[in-house]
Amino acid sequence: MNSARLLQTRLVTPTAKVFHMISKNNGAAATVQFRNYSTSKSVSQDKPLDSEYVKKHRPISPHFTIYQPQITWYGSIIHRITGVGFATIFYAGMMTYAVGDFNTAALISTVGSLPVGVKVAGKFILAWPFMYHSFNGIRHLVWDAGRCLTNKGVITSGYLTIGAAATAALGLASM
């Protein structure tokens, strides 16, 4: 077995440095090369792989600064936010009812006295996250079945989920 193994890892930070690590003696020491692409200078240093210096400067994987945001990012973030939001609203509502200090009649009369445009907008604001979370959950079930896992399928299903959620939310808000 070759004792010198090449480990090449790329880190893109605001200073645009790339680390090249070449392990020696089964990982006991490493040559760390820093290359700043703005100046094209290179500096090599021998550091043990377990040293604090290498641990501090090793790349984080995956690092969000090197990737272009895509529909899957936004979809995942929105799905998590809506899930946490619904759980929070559910538990807060249950706790309010458990305490017994909630006047349902006052809430109904307040909402009933609002203008129609405000009611429709409010219903849409409540319906869209619910519909998105539901349709995105179905999208994940389709993925679990092994379908739509190509790049085109993932992107298409992401936009389809957003469109279906908006259409369903508009339908619910107009009732």
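What counts as what
Residues numbered from 1 in each chain as written. Predicted model: local features only at pLDDT ≥ 70, side-chain atom pairs only at ≥ 80, totals over all residues. Heavy atoms only, no water. UniProt positions renumbered as here; feature names shortened; annotations may be inferred. Helix = DSSP H or I, 4+ residues; strand = E, 2+ residues; numbered from the N terminus. Patch = residues over 30% accessible without salt bridge, like charges linked within 9 Å, V, L, I, M, F, W, Y side chains within 5 Å. Areas by Shrake-Rupley, 256 points an atom, 1.4 Å probe, with all protein chains shown as cover. Salt bridge = Lys/Arg side-chain N within 4 Å of Asp/Glu carboxyl O. Buried < 20%, exposed > 50% of the residue type's maximum accessible area, 1.4 Å probe, protein only. Expected span 1.5 Å × (residues − 1). Bend = angle between axes of the 7 residues up to and from the residue. Contact = heavy atoms within 4.5 Å.

As annotated in an unreviewed UniProt entry, the chain carries the name Succinate dehydrogenase subunit C and is attributed to Basidiobolus ranarum. UniProt lists a comment for the chain under the heading Subcellular location (unreviewed entry), and it reads "Membrane".

A. Focus on unusual backbone geometry. Here the phi dihedral of C148 falls at roughly 60°; this positive angle occurs in a residue that is not glycine. Assignment of secondary structure puts C148 in the loop between α4 (116–144) and α5 (151–173).

B. Summary view of a nonpolar patch on the surface. A cluster of nonpolar residues, F90, Y91, M94, Y97, F102, L107, V111, L114 and V118, forms a patch on the protein surface that exposes about 870 Å² of accessible area. Elements with a minimum of two residues in the nonpolar patch: α2 (71–99) and α3 (104–112). With 4 residues, α2 is the largest single contributor of residues to the nonpolar patch. Taking the relative accessible area as the measure of exposure, V118 reaches 45% and is therefore partly exposed.

C. Examining α4 more closely. In this model, α4 (29 residues) spans 41 Å end to end at C-alpha, consistent with the 42 Å of a helix rising 1.5 Å per residue. The largest bend in α4 amounts to roughly 25° and is located at A127, with the proline P129 lying one to four residues further along. A127, M131, Y132, N136, R139 and W143 are the residues of α4 that are buried. Buried residues belonging to α4 abut α2 and α5. Backbone geometry just downstream of α4 places G146 in the positive-phi region, at approximately 90°.

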